[in-house]
Amino acid sequence: MDHNRVIIFDTTLRDGEQSPGISLNTAEKLEIAHQLARLGVDVIEAGFPIASPGDFEAVRAIAREVHGPVIAGLARAHAADIERAAEAVRASERPRIHTFISTSDIHIVHQLQSTREDVLGQARAAVAHAKSFVDDVEFSPMDATRADVEFTAEVVAAAVEEGATTVNIPDTVGYAMPDEYAAFLRRLYDLVPALRDVVLSVHCHDDLGLAVANSFAGVQAGARQVECAINGIGERAGNASLEEFVMLLHTRADDVELATGVQTREIARTSRLVSRLTGYPVQPNKAVVGRNAFAHESGIHQDGVLKERSTYEIMDAASVGVDDVSSIVLGKHSGRHALRSALEELGFTLSGQALNTAFKRFKEIADKKKHVTAMDLEALVTDELREEVATYGLEWFDVEASSRRPPHATVAIRTPDGEVVRGNFTGDGPVDAIFRAINTAVRREARLREFRIDAVTGGQDALGEASVILEIAGQSAAGQGVSTDIIEAAALAYVRALSNAERKVALAASEAEEERELTPAP
Ligand code: KIV
Ligand code: ZN
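Keep in mind that this is a model prediction, so the values were computed, not measured.

The rules we used
Along each chain, residues carry numbers from 1 onward, in the same order as the chain's sequence is written. By the order in which they are written, chains take letters starting at A while ligands take numbers starting at 1. Whole-chain, interface and lining totals are the exception, using all residues; otherwise, since this is a predicted model, local features are given only for residues with pLDDT of at least 70 and side-chain atom pairs are given and counted only at 80 or more. Hydrogens and water are ignored here; the side-chain numbers use all heavy atoms of the structure. Neighbouring residues are identified by heavy atoms, a residue being near a molecule or strand if any of them is within 4 Å of it. Distance and chemistry together define a polar contact, namely a pair of N or O atoms within 3.5 Å, with one atom able to donate a hydrogen and the other to accept it when in protein, and with adjacent residues in sequence counting only for side-chain atoms on both sides. Here the accessible surface of atoms and residues is derived via Shrake-Rupley with a 1.4 Å probe, and residues count as covered only by protein chains that are part of the display. Where helices and strands are cited, they refer to DSSP runs of H or I of at least four residues and of E of at least two residues respectively, numbered from the N terminus. Axes here refer to lines fitted to C-alpha atoms; in helices the fit is confined to the stretch in contact. Angles between the N-to-C directions go from 0 to 180 degrees. Orientation is classified from the angle alone, with under 35 degrees giving roughly parallel, over 145 giving roughly antiparallel, 65 to 115 giving roughly perpendicular, and any other angle giving oblique. Handedness of a helix crossing follows the sense of rotation of the near helix relative to the far helix, less than a right angle counterclockwise being left-handed and clockwise being right-handed. Residues count as neighbours in contact if any of their non-hydrogen atoms are within 4.5 Å of one another. Residues were grouped as follows: Ala, Val, Leu, Ile, Met, Phe, Trp, Tyr, Cys and Pro as nonpolar; Asp, Glu, Lys and Arg as charged; and all remaining residues, including Gly, as polar. The classification of residues rests on relative accessible area computed with a 1.4 Å probe and restricted to protein chains. Under 20% of the type maximum is buried, over 50% is exposed, and intermediate values are partly exposed.

Right, let's get into the site of ligand 1. Around ligand 1, the neighbouring residues are Arg14, Asp15, His98, Phe100, Ser140, Met142, Asn168, Pro170, Thr172, His203 and His205. Taking arginine 14, its side chain carries an N or O atom lying 2.9 Å from an oxygen atom of ligand 1. Histidine 205 places a side-chain nitrogen or oxygen 3.0 Å from an oxygen atom of ligand 1. Burial of ligand 1 by the protein chains amounts to 95% of its free accessible area of 260 Å². Taken together, the elements giving at least two residues each to the shell around ligand 1 come down to β4 (95-102), β5 (136-142) and β6 (166-171).

Where helix α3 (residues 79-89) meets helix α5 (residues 116-131), the closest approach of the two axes is 10 Å, and the angle between their N-to-C directions is 25 degrees. In this view, α3 runs roughly parallel relative to α5, as classed from their interaxial angle. The crossing of α3 and α5 is right-handed. Contact residues: α3 offers Ala79, Ile82 and Glu83, while α5 offers Ala126, His129 and Ala130. Across the contact of α3 with α5, the residue classes break down as four nonpolar, one polar and one charged.

With that out of the way, let us pick up unusual backbone geometry. A positive phi angle, close to 60 degrees, is found at glutamate 257, a residue other than glycine. Its location among the elements puts glutamate 257 in the loop between α10 (253-256) and α11 (267-278). Positive phi outside glycine occurs at alanine 473, with the angle close to 45 degrees. Tracing the sequence through the fold places alanine 473 in the loop between β15 (464-472) and β16 (475-483). The class of alanine 473 is exposed, set by a relative accessible area of 62%.

Right, dumping it as structure tokens:
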């Protein structure tokens, strides 16, 4: 392999999906995985198959349907985990099992309640077991950056001896500093010469805001795989942001002389898709993909950019796809054919019932909004993709809002068995009233955790895009809704979040039941 090529290992669907409140179903994970393939990542870590039947199914579907990238499944260093991961990735043209065990004493003593000797044995056995299913095996000594480097080296050497093809060194808790991390990797190279025969990988968390800097220090020390996630999502403060790392190598290519296979023009679209489906907003000033990443506020800057873009821009917005979609504009006279071509240009291939539904929604919006832009279409279609998995549906609503008396809402909701139930509530504000009216209709005490409303584009007739995260019986889930009416967008988002949370509650109950059946009576 070309020594200047860095492998991009995307963990949006595994570490990213572990972010609190994110719960993607199989259809959504597939949608993201297809877009990641279009983006040109080398490896998609599709999930943690032993974690739940839903995770298993999603990894299996991605392995079956997504072509191009390696498809990896995560497994602890346990035989059962590895067998489940092997089964899940089996259908992929390029399957990988990624197995891990901690090497830090903090984890060994307190979490695993084990010994270094046992960890070494387990790591060896896990890699050997994974190798009996697939050729491509990745091993990670978890919490490596807080571990004894000599012991970690011993474990890594055992993993390489058993056939690991990639060795990943995680900064699990985002504790490392760039120089220190690079020194740790260099020391590992000294202690384990065989490490030069496999791919060394980095996996950095962002607890101190150093994930991208540490990943970069890692590649400078010789690593050639970077584990990262779209929009930097992941456990706690998240993982290294894929778009930041890729654009760092791209923008500074002359100095760094390292490249990835990422199609950078797909970055903005991938970021928007992940944000929509996860319900995780992108902060406006986020590097590369934030709304303001290419905006110039001060007069001096605007003047400079108008004269010559490079005065205040180090990257061209077009190179990350920010302005790629702006040429598409449809209106209320546009037909089904125009809609289908515009969607195809955006990377969505819809036909049959899905196209009919999208067309109906498009007409509803075009009646209220003069110009339907590519950004609107993208929001609408992503929203529509969620429809088929919705358990509940919003039939209609009335909201009376006034500054002289408390707002009152009445809603009609279609339940999973087709019945239409009504609820009403007088709340603190119109959105509060409609959310609580929905709770009353479905007789659920859902608790609102987060609510956000954004405009998809600028202008007075902009589409409103609402995101809701709510919780039922300890299960939290996200939902999105799009409409020219922000109350409707909010209600749609709430009903979808409710459907997702209900599905999680039902799944948790059936898993608990399965576990009870498997536990032998005392
Ligand atoms: O952060 C971490 O250590 C991980 C491992 C499973 C690689 O996510
Ligand atoms: Zn991680």
